[in-house]
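Fold and geometry: a report
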Amino acid sequence: MLSVARLAAVLAVVPALAFGQDARPPVAPLTILSPQQAVEAALTVSPALRGAGAARQAVQADALQARLRPNPELRGSFENFGGFGGRQENRAFRTLESTVGLAQRIELGGKRSARIDLAARSGEVAALDFTGVRLEIAREVVTALATAEAARRLVGVERERARLAAETLRAARARVEAGRDPLLQAERAEVVRATADIAAERAQREVDISLADLAVLIGVPRVELAPRQAWFDEIGPNPGRPVPTDPLARLSGSPELARLEAAIAQQRANLTLQRATAVPDVTISGDVRRFGDSNETAFVAGASIPLPFYDRNQGGIARAQAEVTRAEAEADRGRSVLVATLVAAEQRLALAWRSADTLRRTALPSAEQAARFATLGYGEGRFSFLEVLDAQRALSDTRAQLVEAIQAFHALRAQVQRLRGDLPAVSPQPVNAPNGSAR
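The following refers to the structure shown. (Residues numbered from 1 in each chain as written. Predicted model: local features only at pLDDT ≥ 70, side-chain atom pairs only at ≥ 80, totals over all residues. Heavy atoms only, no water.)

**Here's the deal with the overall build of the chain**
Each helix and strand counted, the chain has 9 helices and 6 strands in total. In the chain, 81% of the contacts between residues at least 6 apart in sequence involve partners at least 24 apart. Only carbon and sulfur atoms are counted for the fraction: they give 56% of the accessible area of the chain, which is about 24900 Å². (Helix = DSSP H or I, 4+ residues; strand = E, 2+ residues; numbered from the N terminus. Contact = heavy atoms within 4.5 Å. Areas by Shrake-Rupley, 256 points an atom, 1.4 Å probe, with all protein chains shown as cover.)

Written out as structure tokens, the structure reads:
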């Protein structure tokens, strides 16, 4: 059964025309020529990257806000008017005293500089998160493209399996008609051919599903693969032992590793801000007062400062200290996890390369020769039916294993590049996304 995500991917590429007369015509698919072009298209239109960019812009807005000083305060008061009893002039506005002035809160303890520093540290974390999203999109796209190309090649493997099964069926029927084999052999050959046809049909459905998954990752309605994907066969030389030998040195370009240190700096900046917040601010004011009974004017100056008897931001400071400790602990754990993940991925990559190289240079030529000899010899009566089936099955299985080994190699190489912080080079050609293919 299809998962919910795969079902959504399939529905996403169904032509809109099928849902009503007023629906738009289907959009031309994006033709994928190479992994670089697919990554370039994803980085251009991917909703995930747009979301990460919006998060980075939000942090940049926080940095803008952190630089702003407190606004001045306009104050006014009116006294000694509209009374009752006593002097008659107090009942009107003859003795009105009006005061108008400005008050300004002055931040002490380095609050503004601490806010700016915290915003800068948060911006570094957001930038590293954005880089991580770019790398993850690239890894997912390359992996999905390798899966789609492998699925398409497996269709060829299954069709070749079906072709060989059909040839064996014809040979089996000829031998049955000549009385050289029992009817059971032809029936078994018919079963093998029918099974191969079903497998070829299943492989074709996997191609459609893989292309739908790839379209969702890129962020376009539909994609299709160019007829030739030469990059899939290029696995390069033996990766050998990774250099430099220190895994942490190989992770020097990893945004995850840099983010661990940036998160510690961010929490330390927050601790500095919380300590600065404990320092009371001074508010100074200057007013002009008008006396209604004498029409005289005077100036009034004042200052106020909270007395930190109770609230000295003890909780905020304690929480910030705990967050620093947590960030340092997560950094220690995160470095160990990154190193272990990288080493395991590099080892699996080397194994996938050796598997693909051995299958291509040794196993596949031997399987092809064995299947060819068995098929020719069966018609001459030199090999049994079971020997022919075994030889053909071994050939098809070897071809499928080679495709799967190459697919695993590309997926693991994309993972290693993701961990090391290497973004695949984008194609210099423009990409018509989402309405066309690259030229």
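**A short note on the packing of aromatic side chains**
The tally for this structure, following the rule as stated, stands at 1 aromatic pair. Ring geometry for Trp 231 against Phe 232: centres 5.7 Å apart, planes inclined by 80 degrees, an arrangement best described as edge-to-face. Summarising the burial analysis for this pair, Trp 231 and Phe 232 share the class buried. Here the guanidinium or amino end of Arg 372 rests over the ring plane of Phe 373, the centre of that ring lying 5.9 Å away. (Phe/Tyr/Trp six-rings, centres within 6.5 Å; stacked < 30°, edge-to-face > 60°. Buried < 20%, exposed > 50% of the residue type's maximum accessible area, 1.4 Å probe, protein only. Lys NZ or Arg CZ within 6 Å of the ring centre and 35° of its normal.)

**Digging into the pairing of strand 6 (residues 296-304)**
Looking at chain direction, strand 5 (residues 282-291) and strand 6 are connected through 9 bridges and run antiparallel. Within strand 6, the residue paired with Gly 286 across the bridge is Ala 301. Where strand 5 folds back on strand 6, the antiparallel hairpin that results is connected by 4 residues, among which Asn 295 adopts a positive phi of roughly 55 degrees. (Pairing = 2+ DSSP bridges.)

**Remarks on the sheet that holds strand 3 (residues 97-106)**
Sheet strands line up and pair through hydrogen bonds in the backbone, either parallel or antiparallel. Spatially, the 4 strands line up as an open sheet ordered 2-3-5-6, and their pairing is antiparallel. Across the chains shown, the open sheet's two edge strands, defined by having one partner strand only, are strand 2 (73-79) and strand 6. Between one strand and the next, the sheet's axes are offset by a mean angle of 20 degrees, whatever the strand orientation. Bridge analysis of strand 2 against strand 3 gives 7 bridges, and the strand direction is antiparallel. Each bridged residue has a counterpart across the sheet, and for Glu 79 the counterpart in strand 3 is Glu 97. (Axes fitted to C-alpha atoms, helices over the stretch in contact; angles between N-to-C directions.)

**Side note on the pattern of salt bridges**
Two side chains carrying opposite charge are able to pair once their charged atoms lie near each other. One pass over the structure, following the stated rule, counts 24 salt bridges. Note that Glu 149 and Arg 153 form a salt bridge whose closest N and O atoms lie 2.8 Å from each other. In this pair, Glu 149 and Arg 153 are both assigned in helix 4 (residues 111-177), 4 residues apart and thus about one turn of the helix distant. Judged by its relative accessible area of 25%, Arg 153 falls in the partly exposed class. In the salt-bridge network here, residues are joined through shared partners; they are Glu 136, Arg 139, Glu 256 and Arg 418. (Salt bridge = Lys/Arg side-chain N within 4 Å of Asp/Glu carboxyl O.)

**Examining a nonpolar patch on the surface**
On the surface, Ile 106, Leu 108, Val 279 and Ile 284 cluster together into a nonpolar patch covering about 270 Å² of accessible area. Residue classification places Leu 108 among the partly exposed positions, given a relative accessible area of 32%. (Patch = residues over 30% accessible without salt bridge, like charges linked within 9 Å, V, L, I, M, F, W, Y side chains within 5 Å.)

**Some thoughts on unusual backbone geometry**
For the peptide bond that leads from Val 243 to Pro 244, omega is -10 degrees, which places it in the cis range. Mapped onto the elements, Pro 244 comes out in the loop between strand 4 (223-225) and helix 6 (247-250). Of note, the phi angle at Asn 313 is positive, near 60 degrees, even though the residue is not glycine. Tracing the backbone shows Asn 313 in the loop between strand 6 and helix 8 (314-379).

**A few points about the nonpolar core**
With 68 residues, the main nonpolar core has Ile 32, Val 141, Leu 214, Ile 218 and Val 223 as its most contacted residues. For this core, the element with the highest residue contribution is helix 4, accounting for 15 residues. Setting aside anything within four residues of it in sequence, one finds Leu 214 in contact with Ile 32, Val 141, Ala 144, Leu 145 and Val 223. With 5 residues, the next largest nonpolar core counts Ala 278, Ile 317, Ala 320 and Val 324 among its residues. (Core = buried A, V, L, I, M, F, W, Y, C linked by side-chain atoms within 4.5 Å.)

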